[in-house]
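Fold and contact review
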Amino acid sequence: MIEEYQPPPLPPPFHHHHQHRTQSPATTTTTTTTTPPPPILLTQGAEAHLYKTHYLNATTHPAALKIRPSKPYRHPVLDRRLTRQRILQEARCLAKLVREGVAVPALYAVDWEGQTVVVDAATGEERYGGAWLLMEWVEGDVVRVVVQAWERAMLARFAADDRSPSSRRRQADGGSGSGPGSEVQMEVDGHGDHSDHGDNGHVERKREEERMKDLLRRIGAAVGRLHAAGVIHGDLTTSNLILRPASSKKEGEGEGEVDLEGEVVLIDFGLASQSVQDEDRAVDLYVLERAFGSTHPRTEAFFAEVLDGYRASYRGAASVLKRLEEVRLRGRKKSMLG
Amino acid sequence: MIAVGIEGSANKVGVGIIFHPEDGSTPQVLANVRHTYVTPPGEGFLPKDTARHHRAWVVKLVKQALQDARVSVKDVDCICYTKGPGMGAPLQSCAIAARMLSLLWGKELVGVNHCVGHIEMGRAITGATNPVVLYVSGGNTQVIAYSSQRYRIFGETLDIAVGNCLDRFARTLHISNDPAPGYNIEQLAKKGKRLVDLPYTVKGMDISMSGVLAAIDALAVQYGLNGEWDEKDDSADSAQGEADDGKPTRADLCFSLQETVYSMLVEITERAMAHVGSKEVLIVGGVGCNERLQEMMGIMARDRGGTVHATDERYCIDNGIMIAQAGLMAYKTGFRTPLKDATCTQRFRTDEVLVKWRD
């Protein structure tokens, strides 16, 4: 059973539908040609609805509209306080980050009160339209999608020799007779004198992994710039990072491989706050680490690259990473064994 | 198959007997008895006193349960007990009782995770198949969803549990612990009108409750509402003081505390629902009895086109039947707890259990 989801009515000046259809025939033609298309609902999160719309000009300035509808389950006083506090927090963080040159969507407009009364067309109920933010539209896929596509591509390309690296490692292990596995593998990679074992594929794989590691380092650097600007994201996941493709794509490249080039743009500052404390920064990284592990278990081993990118991005990163080690040990009712 | 369940991780000791028909039809509750250790107003329950209470009651309750269920010892297939998490001393007294019965009757033991017990009983009673679970009690606050044979914790409290926050505030106000402090706070909150500003701490899908408690305790002290008060003098609870200088009443504080912490709980539950794409919520645990929490959750779920499942105090509040239910499900997959491993532990996370009985 698929029920069509009916989003709540939009606060003015936004409309789900063309509003002037019932006007006299004389004006209809003019209004329908000038009325811009309605915003398109993209996602319904827990706190907000995200729409794609435009700013000033329908064709040249696509924009993201984030509406925080009032939450009828909450006490109205609390609801108003939270909605106002959060949307202002988000707007202030965005404005600050744009000023600091961090890659985030630019802020166009904001209504923090959200007390405009709108009528639900379906039920006739009156409710608050909700507070909203209008932001720059960022092109590109979220990193979650990019990483998943890359994981699939890797699986498809290297599924055949998926077992060979480990068997080769065992061979090499036996040969050298000492050293941890990773070292041995590096040795094998470095010499590359095992061409008869299908090392072509292995080199390819290595190159692909390097491309992913490079993306992860850029993610770390982006988070570092954010923290250096004095902002904590509060909800870092690979769904809240967009890979904005480089404007000019090199020809010939990208044949059958997932595009990992481009700028990492941070989005969704709904839980952001301003802080320069090591503790807050470390928790921010920990949230990303946990989210990455649960969303991309196959690529989790490369997460250290994110931290490497972070380390190099600003002074003070090192002490945050030290703090991160402490944060990792926390958590309620964790087993205290080992 | 028939299982006996023994629960005693906090201040309730409970024994339940469940029957799973061979044909796979709905499980039947044959017995579900419980006794609660109630402390005087202003006091919490200490582990050693609670353990003493459990030791004094557990045999009586087992006998009572067998009588209620009208089953004899030879009908019983296994003995399930709470392995953890919970308070050490009360857990130990129930683990000892379980081991004793196992040796006495020659039945196998099944150690059960308390949280998983709550979830499985909630699912069995409400028929919710794959809900996002909000588990709220005196010792635990977790948002859980099932994924590949584990109940995974998506969000949880970073410090104290919501029930602990309510219980401790009840102690500050010297509210009765009978039948439960949370229940009495709820009744008092119904008379409250004014919302006082309290910290609201949600971090992603996690929450923090200790700051809320510290703030409301401080308000109680500031307005002289803490400590003992005269039962008959309800001026402190009624709204007549509204005119004078906006001083909140005890009822206002209970009301504000409930509104604030339950909003936090509903918010993280909604975030988990959005995250996993689920439309069902199941509320379990002692705080799950709270009607205001159920109402708020209902409004949230309705706005998302979903539904809420909740149970009443027989199954919400710690009980033996949930341990029997979860234990028997594990038993049927071949799970056993050998006598030498039939210990208990205060730390036992929900996601440590391999949920073999689900796909």
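Residues numbered from 1 in each chain as written. Chains lettered and ligands numbered in written order. Predicted model: local features only at pLDDT ≥ 70, side-chain atom pairs only at ≥ 80, totals over all residues.

1. A word on the overall build of chain A
As a reminder, the rule being used: A run of DSSP states H or I qualifies as a helix once it reaches four residues; a run of E qualifies as a strand once it reaches two. Both are numbered from the N-terminal end. Put plainly, a residue is buried at 20 or more neighbouring C-beta atoms within 10 Å of its own, exposed at 12 or fewer, and partly exposed in between, counting only other residues' C-beta atoms, which are placed from the backbone. The contact criterion used is a C-beta to C-beta distance within 7 Å, with each C-beta placed from the backbone.
If you tally the helices and strands in chain A, you get 9 helices and 12 strands. When the 338 residues of chain A are sorted by exposure, 30% land in the buried category. Look at the contacts in chain A between residues 6 or more apart in sequence, and 69% of them connect residues 24 or more apart.

2. So, the packing of helix H1 (residues 47–69) of chain B against helix H2 (residues 88–105) of chain B
Residue and element names in this part refer to chain B. Selection rule: Think of each axis as a best-fit line through the C-alpha atoms, taken over the contacting stretch in the case of a helix, with angles from 0 to 180 degrees between the N-to-C directions. In this scheme, roughly parallel covers angles under 35 degrees and roughly antiparallel covers those over 145, while 65 to 115 is roughly perpendicular and the rest are oblique. Two helices crossing with the near one rotated counterclockwise from the far one by less than a right angle form a left-handed crossing, whereas a clockwise rotation gives a right-handed crossing. Residues were grouped as follows: Ala, Val, Leu, Ile, Met, Phe, Trp, Tyr, Cys and Pro as nonpolar; Asp, Glu, Lys and Arg as charged; and all remaining residues, including Gly, as polar.
Interaxial distance between H1 and H2 falls to 7 Å at its minimum, and their mutual angle equals 25 degrees. On the basis of the axis angle, H1 is roughly parallel to H2. Of the two elements, H1 crosses H2, and the hand of that crossing is right-handed. The segment H1 lies against H2, with Pro47, Lys48, Thr50, Ala51, His54, Arg55, Val58 and Val62 engaging Gly88, Ala89, Pro90, Gln92, Ser93, Cys94, Ala97 and Leu101. Its residues assigned to classes, the contact of H1 with H2 shows 9 nonpolar, 5 polar and 2 charged.

3. Details of helix H10 (residues 320–332) of chain B
Residues and elements named next belong to chain B. Keep this limit in mind: By this rule the span expected of a helix is its residue count minus one, scaled by 1.5 Å.
Taking 1.5 Å per residue, 13 residues should reach 18 Å; H10 reaches 18 Å between its end C-alpha atoms and fits that length. Of all 13 residues in H10, 12 are buried, a share of seventy percent or more. For H10, the full list of buried residues reads Gly320, Ile321, Met322, Ile323, Ala324, Gln325, Ala326, Gly327, Leu328, Met329, Ala330 and Tyr331. Looking one or two residues past H10, glycine 334 carries a phi angle of roughly 100 degrees, positive in sign.

4. Here's the deal with the sheet that holds strand S11 (residues 280–284) of chain B
Residues and elements named next belong to chain B. Selection rule: Two strands qualify as a pair provided DSSP detects at least 2 bridges between them.
Taken in spatial order, the 5 strands of this open sheet run S8-S7-S6-S11-S12, and their pairing is mixed. Lying at the two open borders of the sheet, with one neighbouring strand each, are strand S8 (150–156) and strand S12 (307–310). Between one strand axis and the next, the sheet turns through 25 degrees on average, direction left out of account. Pairing geometry for strand S6 (residues 132–136) and S11, over 4 bridges, is parallel.

5. Some remarks on the UniProt feature "binding site: substrate" (unreviewed entry) in chain B
Residues and elements named next belong to chain B. Under the convention used in this document: UniProt positions are given in the numbering used here, feature names are shortened, and annotations may be inferred rather than shown by experiment.
Within the UniProt annotation, "binding site: substrate" (unreviewed entry) is assigned to Tyr135, Val136, Ser137, Gly138, Gly139, Asp167, Gly182, Glu186 and Asn290. Turning to its location among the elements, glutamate 186 is positioned in helix H5 (residues 181–189). In this structure glutamate 186 touches Gln258, Asn290, Glu291 and Arg292, once residues within four positions along its chain are discounted. Tracing the chain through its elements places asparagine 290 in the loop between S11 and helix H8 (291–303). If sequence neighbours within four positions are ignored, asparagine 290 has contacts with Gly182 and Glu186.

6. Some thoughts on the sheet that holds strand S4 (residues 78–84) of chain B
Residues and elements named next belong to chain B. With mixed pairing, the 5 strands of this open sheet are ordered in space as S3-S2-S1-S4-S5. With partners counted over all chains shown, the strands left at the sheet margins are strand S3 (28–36) and strand S5 (108–113), one partner each. Across the sheet, the mean angle separating the axes of adjacent strands is 20 degrees when strand polarity is ignored. Each of S4 and S5 touches helix H3 (residues 114–126); the most contacted strand, S5, lies at about 85 degrees to it. Running at roughly 130 degrees to strand S1 (residues 2–7), H10 makes contact with S1, strand S2 (12–19), S3, S4 and S5 of the sheet.

7. Considering the packing of helix H7 (residues 250–276) of chain B against H8 of chain B
Residue and element names in this part refer to chain B. Contact geometry for H7 and H8: axes closest at 10 Å, N-to-C directions at 40 degrees. Between H7 and H8, the interaxial angle falls into the category oblique. Taken as a pair, H7 and H8 cross one another with a handedness that is right-handed. In contact with Gln258, Tyr262, Leu265, Val266, Thr269 and Glu270 of H7, H8 contributes Arg292, Leu293, Met296, Met297 and Met300.

8. Some remarks on unusual backbone geometry
Residues and elements named next belong to chain B. With an omega dihedral of -5 degrees, the bond running from glycine 84 to proline 85 counts as a cis peptide bond. Relative to the helices and strands, proline 85 is located in the loop between S4 and H2. Here aspartate 178 and proline 179 are connected by a cis peptide whose omega angle stands at 0 degrees. Among the secondary structure elements, proline 179 is positioned in the loop between helix H4 (162–172) and H5. Located in the positive-phi region is arginine 70, a residue other than glycine, with phi close to 55 degrees. Considering the arrangement of structural elements, one finds arginine 70 in the loop between H1 and S4. With 10 C-beta atoms packed within 10 Å, arginine 70 lands in the exposed category. At serine 148, a position not held by glycine, the phi torsion is positive, near 30 degrees. Note that serine 148 resides in the loop between strand S7 (141–147) and S8.

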